[in-house]
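Residue strings, one per chain:
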There are 4 protein chains.
Amino acid sequence: MNYRRLGRSGLQVSELSIGSWVTYGNQVDRRAARESLAAARDAGVNFFDNAEVYAGGKSEEIMGHALKELAWPRISYVVSTKFYWGLHEAPNQYHTLNRKYLLHAIDASLHRLQLDYVDLVFCHRPDPNTPIEETVWAMSDMIARGKALYWGTSEWSADEIRAAYEIAERHHLHKPVMEQPQYNLFCRKRVEQQYMRLYEDIGLGLTTWSPLASGLLTGKYRDGVPADSRAQLQGYDWLRTQLTDAGKNNIVGQLGQIADELGCTVGQLAIAWILKNPNVSTVITGASRIEQIHENMKAQEVAVKITPEIKLKIEEVVGDAYQ
Amino acid sequence: MNYRRLGRSGLQVSELSIGSWVTYGNQVDRRAARESLAAARDAGVNFFDNAEVYAGGKSEEIMGHALKELAWPRISYVVSTKFYWGLHEAPNQYHTLNRKYLLHAIDASLHRLQLDYVDLVFCHRPDPNTPIEETVWAMSDMIARGKALYWGTSEWSADEIRAAYEIAERHHLHKPVMEQPQYNLFCRKRVEQQYMRLYEDIGLGLTTWSPLASGLLTGKYRDGVPADSRAQLQGYDWLRTQLTDAGKNNIVGQLGQIADELGCTVGQLAIAWILKNPNVSTVITGASRIEQIHENMKAQEVAVKITPEIKLKIEEVVGDAYQ
Amino acid sequence: MNYRRLGRSGLQVSELSIGSWVTYGNQVDRRAARESLAAARDAGVNFFDNAEVYAGGKSEEIMGHALKELAWPRISYVVSTKFYWGLHEAPNQYHTLNRKYLLHAIDASLHRLQLDYVDLVFCHRPDPNTPIEETVWAMSDMIARGKALYWGTSEWSADEIRAAYEIAERHHLHKPVMEQPQYNLFCRKRVEQQYMRLYEDIGLGLTTWSPLASGLLTGKYRDGVPADSRAQLQGYDWLRTQLTDAGKNNIVGQLGQIADELGCTVGQLAIAWILKNPNVSTVITGASRIEQIHENMKAQEVAVKITPEIKLKIEEVVGDAYQ
Amino acid sequence: MNYRRLGRSGLQVSELSIGSWVTYGNQVDRRAARESLAAARDAGVNFFDNAEVYAGGKSEEIMGHALKELAWPRISYVVSTKFYWGLHEAPNQYHTLNRKYLLHAIDASLHRLQLDYVDLVFCHRPDPNTPIEETVWAMSDMIARGKALYWGTSEWSADEIRAAYEIAERHHLHKPVMEQPQYNLFCRKRVEQQYMRLYEDIGLGLTTWSPLASGLLTGKYRDGVPADSRAQLQGYDWLRTQLTDAGKNNIVGQLGQIADELGCTVGQLAIAWILKNPNVSTVITGASRIEQIHENMKAQEVAVKITPEIKLKIEEVVGDAYQ
C-alpha cells in the first residue's frame, strides 16, 4: 500500500481507504464489519471513514464495536466522522453547523465510536445559516479539547473553504486541512477546476468519495438495476434514475474495453484513474463485502499501468459527460 | 412554531419563548413550572429564559428541577441565565461584572439548574465599575471552559456592546452575539434607534423582554389594578404607578379596537407587533399559567394578519407615547 | 468599611486589609490566627494578604486552616499569595520567576491554603534572570487554568510592570492589574513618582505594605527597641538599626503632636495619611493581635478628619526624610 | 556544580548533565541506573536527558522506575524526552513530527517515565514531510496541557528553528527555547557558525550531546576497539569505522599531551573545552558507569584552568579536522 500526506499536513493516509455509506448497520452485520476492517487493514488501509448520519448513527456504533474487538493500537489507524445532517429533524439538531449542534455531536459520536478522539472531523456540508466564523471556532475547539486531531469540510465551495482558512489564520485557531468531495470520471469539476488554487495556497488535502459514481462505473447497471443493489431500496429512486442513464452506461462500456486491455475491471480502472491525480490524498472505497475490498485494492496495481497516453484515452472516452 | 436565528449566529430559537421574572418560585410551584415548560414545548417553544436574580435563585432551582423530571435531550432546548445583580449585598457579590463574581456565579447557577452548561449567558446590566475588557475575558472564559455556548448583554448601550465586540475581536475571544432589551409598544427607542447599526455591523440578535409592558398592554389595568396582579405585591409600588397611567391605558383601549377587528386580544396584538420586527430573534413571554402560554402562542397567527397598513395604524395609535 | 476598586479592575477590596509577614506561624498560633481573621472580617476587611515565603509556608498553612474552620463563602473574601523567594535554596526553587518554579509554586500554595484558587497572585520581586515574557505566560496560565483570578507584581520597577503589561496585550494573555509596593511616610518615591504614569495608562492598582515602616511610625521605638518586638528576634539586626534612627524617631515625635490634636495615635495618623492617596487600593496592616486590628481600623475615621491643610502639615514634618 | 540558564529562558540547568543513549536498558540494569542518577545528583547534576527512541522506550522506563524509587521532589530535577524516530516502522508512527504522532508520543512517554510532565521536550530531528506550523502547534499544545514546560529541537537547521520561533510568535504559541546539537572538538560548525545569530536573536539555549565524539575523544580507540565498547555491538559498524579514523586518533594523541600538562584525561579536556563556550547551556555526558560520572564531573575543574591561550592551542591541534 502507498501512503500519501493528507494535503500539506503531516498525516499519512493510505491512498486507498474504506468508507461506509449505507453499508454498516443496514446491510452488513457486526461480524461482517469487523471482517471488512480486518481485511482492509491487512491490505494496508489505515483510514476508515465514517459519519454521524451514516445509517443514522449505527455505522459509527458498529465500527466502534469492531474496533474495540480488533484492539489495534490507537496510533495505528485513522478514523473520521462528519457532522451537519444530524439525527433528528428539529431546530439545532439537523442541517446545521452551529456551535450547539457541533459540540453536542462530537461527544455523541465519540460515545458511539467508543473512542477518546477521532483523527479527522468534517463539516459534512456548508451551512448558509451559520457564520463560518462560528463553525471554525467550534471545529477548532474540538481539536483544542483533544476530541479530534484535524478538521476539514465536505462539499464546500472553494470560497467557503478559503474563508474558513483565513478566519482561523486571523484568530489563531486550528485551520481546516482537508475536504471530502465526490470525485470520479463523471464528477470532476469541483476537484479539478474549482479547488485548483487551494492545493497550492492552503495545502488542501482530499479524501474523495464515490469513486465508482454510486456503482455506475462498475458496469453492473448496463443491463438495468440488479436485485441486490441498494438502488432497489425504498427511498433511493433518485439513485435508480441516475444509475440507468443510457449515455453514461455507454461510456462505461467503452471504458470496459480499455480495462480489458489492462487486464482489470472497469471499476478498478476508474479507481486507478483517480489515484493518478496527485491532489487526491486517499480514495474512499466501499466496504460491503470482503471480496469488494480485495477487488478495489487491486486498483493500485492498475494505476502503475496507466501511462499519460492511457489517461488521455480514458478522458477522451468520457468527453464532457461529467459535472 | 417559527424559528429564527439568534442574530447572525447559527442558533435557532423559537420566535416565542418563555421567561420567569417573579414567576417561578414566588407564585408558581414546582408542578406548575413543569407543566408550563411542557405546555410551551408542546407549542414548539425551545428557549427558556432565566437569571440568577429571578426570585433570588429559586427560579433557576425550580426550572432545574423541572428540566430534570422532564428529561428532554439536552440538545433539544436552549436555557439562559444572567449575572449582575447578585444574591447578596456585599462587595464583589452584587451589582458587578467583575471576574471574581462572574466565575463564581456561573458555577453556582449551573449547580441550581442541574446542568453542565447553559446555552446563553447574559451580562444582566452594564457595570461602570468594571472595565469591559475584564468582563469580556470572563464571559469568553465561561465559553472556553464549556460552561456556556453563547454570551450577550442585557440593557447595555450600543456603545458598550460594540466596545465588547471589538475587544473580543482584537484579543481573539468569544464575541457577544445577543442582547436582551425591553421591547414593546411603549418602549421602542433602544431597539429601533440606538441599536440600528449593530444589527448589520455585528449581527446582534435580540431576545426581548416585557412584550406586554408588565401587563399594561393586556388591558387589564384599564379599570385599576386587579387583586391577583403582582402589582399588588409589597415593594411593587413603582409598577402600580406605571400600570395605571391614564394616557397609556387610553391607548390600550384604542388598540383593543384593532385587536377586535383581527379577532384577537390586545395582548396578542402587542406580541404580534413585535414579531413583525425582523431584528427580534425571540419574544420572551410570561409563563405564570398554562392558559397564559396558550394565549400568547396565538400571537403567531395574529402576526400573519398584520399587514403593513395595520402595523402603521397600530403605531399611529401609540403616537410618541413611548420611550 | 470603605471598599475601593483594585486599580481599574472590577474587584472591590476593603481599603484596610490585613497581612501576615512573620506573623502567622512564628508568633501567633492557629487560634489567634482564626480570631484575627474573624475580627478583621467583623470590621469589614475582605482582603487577606499572604505569600509562600511568609514563615516558610506556615503562614499559608495557618491561614488555610483558619479559613476552613471559619467556613465563610469563598465569594466573600479575597486571598493572595506571592512567589519568587522560594522555600529551598536550590536552582529553580528560589529567587526565580521561571515557568517551572511558578507552576510548581501555585499548586503547592493552593495545597497549603486548602483553596481551589487564590484571588490575587503576585510576582514577589522582579527576576532579572528570567525573561518577562516567560513570567507573563506562566502567570497568565495560572489564571487560564482557574488557579488565580488576577495577577500582579511586588516591588517591580515601572518599566518592568509596563513591559509585562505590553507583552500580555500583544500575545492576548491576562495582564497584570496590581502591584504591592512598600508605602509609608518614610517610603514614597516609587508610589508617588515612579509609578505615576501607570495609574492612568494601565490602571495599576496598589496593595501597599509596611504602612507603619516596620513599626517605626507607631512611636514605640522612640526609647529603643521593646523586648517583645520582632526586631529583637535573631536575624533582624538590619531592622533594629532602621527602627532606632534618631532623625526619624524625632519626626515621629512631631507627628505625635498632630495625632494628639486629631485624638488618635501616630500609627493611626500614618495609616490615615496613606488612605488619602487615591491611587492606593488597600493598605495592608499587621495582624499579630486583635487589639492591633481594632486600633488600625480606626484609621478610617482619622482619614475623614485629614483636611488638605493637615495633610500638608504632616508632609512638611517629614520633609525630605523619605525614600 | 555551576548552573546556567537554558538560553534566555529562566530555567537553571547544571552545566554538566547526564544522558542515556544506548545506555539504560541495554547495558545497565535498573539498580545501576538508580545509582548513576544518585551519583550524578550528588555531584550537583539536575538535568537528566532522555528520548523515546533510546533503547526502544526502555531507557525511559528504567529512568522512570529509578526516579520513583529515589523519590526526589519533582521541582528539584529536570527531565527531557524527544520525539521523531518512533517505536514502530509504520505510517504516522516513525520519522514524523505530525500532530497524531506527537500527541500520542507524549502520553506514552509520560506513562513510561511515570511522570505528570517532562521539563523539556524535543523534536528529535526535523521532518520535511510535516509543515513546521503543524509541529509548532502540537509542541505548544503539550505545554498548554501541562505535559511539558519548555520545548525545543534537536539537529534542526538554523532556518528551521527560526521558522518555528516566528510561527509561534505570530500565532501566540509557546516558542522553542533550546536545541540539542552534537558538539565536540570534531563537530563544531552547526553550533559555532550556523546557529550564531540565533543566540542573540531568539535566545537559543543548547543542550549538547556526544561531547567525546562517541568515545573517540577518550583516546581509548587509539589502539583499536576495546572488547567492552558498544562499537563492538552488532549494527554499530558505522560507529566502528568512525572511531578508528587514524587522523583523528592522532589528534587525540596530541590533545593527550595538553591534558597531561593540565593533569587531566583527554576526555575531561574535551568536555572542559565545550564548557568554555558560553552559548552552551549544558553538556550531556554519558552515564554507563558511576566512575564515568565521577570522571566526567571533574571537567568543571579543568575548565577553570583553560586560559584563552590553552583554548587556542587545543583548537590549533584539531585544525580543520572537524565538521
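Predicted model, so just to flag it, every value in this text is computed and none were measured.

(A) Layout of the overall build of chain A. From N to C terminus, chain A includes 14 helices and ten strands. Oriented by its inertia axes, the alpha-carbon framework of chain A measures out at about 50 × 45 × 35 Å. Here chain A, with 323 residues, has 51% of them falling under the buried criterion. Across chain A, every contact between residues at least 6 apart in sequence was considered, and the portion connecting residues at least 24 apart equals 78%.

(B) Expanded view of the relation of the copies chain A and chain B. The operation relating chain A to chain B is a screw motion whose rotation component is 90°, with 0.0 Å of axial translation and a residual RMSD of 0.1 Å. The superposition operator between the copies reduces to a four-fold rotation axis. Residue His 172 of chain A of chain A places its C-alpha closer to the rotation axis than any other residue of that unit, at 5.5 Å. Counting the interface residues of chain A, we find that no more than 6% of their copies in chain B are interface residues as well, pointing to two distinct contact surfaces.

(C) Examining the environment of Trp 156 of chain D more closely. Residue and element names in this part refer to chain D. With respect to the element layout, Trp 156 can be found in the loop between β7 (148–153) and α6 (158–171). In this structure Trp 156 comes out as buried when scored by C-beta crowding, with 25 C-beta atoms within 10 Å. C-alpha separation for the pair Trp 156 and Glu 179, spaced 23 residues apart in sequence, amounts to 7.7 Å. With residues up to four places along the chain from it excluded, the contact list for Trp 156 reads Cys 123, Pro 126, Ile 161 and Glu 179.

(D) Representation of the interface of chain C and chain B in the model. Taken together, the contact pairs 14 residues of chain C with 17 residues of chain B. Those elements giving two or more residues to the side of chain C that touches chain B turn out to be β1 (3–5) and β7 (148–153) of chain C. For the side of chain C that touches chain B, the class distribution of residues is five nonpolar, six polar and three charged.

(E) Representation of the interface of chain A and chain B within the structure. The partner chain B presents 14 residues to the 17 residues of chain A that form the contact. Among the elements that line the side of chain A that touches chain B, the one with the most residues is helix α4 (residues 99–113) of chain A, at three residues. Classifying every residue of the side of chain A that touches chain B gives four nonpolar, nine polar and four charged.

(F) Representation of helix α11 (residues 266–275) of chain A. Residue and element names in this part refer to chain A. Counting buried positions over the ten residues of α11 gives ten, a clear majority of the element. When we look at burial in α11, the residues that qualify are Val 266, Gly 267, Gln 268, Leu 269, Ala 270, Ile 271, Ala 272, Trp 273, Ile 274 and Leu 275. Elements in contact with the buried residues of α11: β9 (205–208), α10 (246–262), β10 (282–285), α12 (290–297), α13 (299–305) and α14 (308–318).

(G) Layout of helix α10 (residues 246–262) of chain C. Residue and element names in this part refer to chain C. Look at α10: 25 Å from first C-alpha to last across 17 residues, which is about the 24 Å you get at 1.5 Å a residue. Taken together, the buried positions of α10 are Lys 248, Ile 251, Val 252, Leu 255 and Ala 259. End-on, the buried residues of α10 take up no more than an arc of 105°, which puts them together on one face. What points out from α10, more than 90 degrees from its buried face, is the exposed set Ala 246, Gln 257, Asp 260 and Glu 261. Downstream of α10 by a residue or two, Gly 263 has a phi angle that is positive, lying close to 70°.

(H) Geometry of the relation of the copies chain C and chain B. The two copies are related by a screw motion: chain C maps onto chain B through a turn of 90° and a shift of 0.1 Å along the axis, at an RMSD of 0.0 Å. Of the residues that chain C buries at the interface, just 7% are likewise interface residues in chain B, meaning the two copies contact each other through different surfaces.

(I) Representation of unusual backbone geometry in the model. All names here are of chain A. The phi torsion at Asn 92 lies on the positive side, around 70°, for a residue other than glycine. Examined against the element boundaries, Asn 92 turns out to sit in the loop between β5 (78–83) and α4. The class for Asn 92 is buried, based on 24 C-beta atoms found within 10 Å.

(J) Main features of the packing of α10 of chain C against helix α14 (residues 308–318) of chain C. Residues and elements named next belong to chain C. Taken N-terminus to C-terminus, the directions of α10 and α14 make an angle of 160°; their axes are 9 Å apart at the nearest point. Taken together, the axis directions place α10 and α14 in an arrangement best described as roughly antiparallel. Both α10 and α14 take part in a crossing whose hand is right-handed. Judged by residue contacts, Ile 251, Gln 254, Leu 255 and Ile 258 of α10 engage Ile 310, Lys 313, Ile 314, Val 317 and Val 318 from α14.

(K) Seen up close, the packing of helix α4 (residues 99–113) of chain D against helix α5 (residues 132–144) of chain D. All names here are of chain D. For the pair α4 and α5, the least separation of the axes is 9 Å and the interaxial angle reads 20°. On the basis of their axis angle, the class for α4 and α5 is roughly parallel. Of the two possible hands of crossing, α4 and α5 adopt the one that is right-handed. The segment α4 lies against α5, with Arg 99, Leu 102, Leu 103 and Ile 106 engaging Glu 134, Trp 137, Ala 138, Met 139 and Met 142.

(L) Region of the structure containing the environment of Gly 256 of chain D. Residues and elements named next belong to chain D. Counting through the fold element by element, Gly 256 comes out in helix α10 (residues 246–262). Measuring from C-alpha to C-alpha, the distance between Gly 256 and Lys 220 comes to 11 Å, with 36 residues separating the pair along the chain. Setting aside residues up to four positions removed in sequence, Gly 256 forms contacts with Gly 219 and Val 266.

(M) The arrangement of the confidence of the model for chain A in detail. Residues with a pLDDT of 70 or more make up 98% of chain A, whose mean pLDDT is 94. On the interface metric, ipTM, the complex scores 0.94, and its pTM is 0.94.

(N) Fine view of the pairing of strand β8 (residues 176–179) of chain D. All names here are of chain D. Where β7 meets β8, three bridges bridge the pair, whose relative direction is parallel. When the bridges of β8 are listed, Gly 152 appears paired with Met 178. Note that the unit made of β7, α6 and β8 has a crossover that is right-handed. Of the strand pairs in this sheet, β8 and strand β9 (residues 205–208) are connected by two bridges, and their pairing is parallel. Looking at the pairing, Met 178 lines up with Gly 205 of β9.

(O) Here's a closer look at the environment of His 95 of chain C. Mapped onto the fold, His 95 of chain C is located in the loop between β5 (78–83) and α4 (99–113). In contact with His 95 of chain C, other than residues within four places in its own chain, are Tyr 84, Trp 85, Gly 86 and Asp 127 of chain C.

Calculation notes
- Note that residues are indexed from 1 along each chain, following the sequence as it is written.
- Think of it this way: whatever chain is written first is A, whatever ligand is written first is 1, and the rest follow in order.
- Whole-chain, interface and lining totals are the exception, using all residues; otherwise, since this is a predicted model, local features are given only for residues with pLDDT of at least 70 and side-chain atom pairs are given and counted only at 80 or more.
- Strands are runs of DSSP state E lasting at least 2 residues, helices are runs of H or I lasting at least 4, and numbering of each runs from the N terminus.
- Each residue is classified by how many other C-beta atoms fall within 10 Å of its C-beta atom, where C-beta atoms are placed from the backbone; a count of 20 or more means buried, 12 or fewer means exposed, and values in between mean partly exposed.
- C-beta atoms are first placed from the backbone for all residues, and any pair lying within 7 Å is then listed as a contact.
- Least squares is the method for superposing the copies, and the C-alpha atoms it fits come from residues with pLDDT of at least 70 in both.
- Under the grouping applied here, Gly and all other residues not named as nonpolar or charged are polar, the nonpolar ones being Ala, Val, Leu, Ile, Met, Phe, Trp, Tyr, Cys and Pro and the charged ones Asp, Glu, Lys and Arg.
- Each helix should span, by expectation, one fewer than its residue count multiplied by 1.5 Å.
- Directions from the helix axis toward the C-beta atoms define the arc.
- In this description, a line fitted to the C-alpha atoms serves as the axis of each element, helices being fitted only across the stretch in contact, and the angle between N-to-C directions of two axes falls anywhere from 0 to 180 degrees.
- Any angle that falls under 35 degrees is termed roughly parallel, while one over 145 is termed roughly antiparallel, one within 65 to 115 roughly perpendicular, and all others oblique.
- Note: crossing handedness is left-handed where the near helix turns anticlockwise from the far helix by less than a right angle, and right-handed where it turns clockwise.
- One number per residue, pLDDT, summarises how confident the predictor is, and it ranges from 0 to 100.
- Only when DSSP finds a minimum of two bridges between them are two strands counted as paired.
- Here the term right-handed applies to a crossover when the path leading from its first strand over the helix to its second strand runs clockwise, the strands being oriented away from the viewer.

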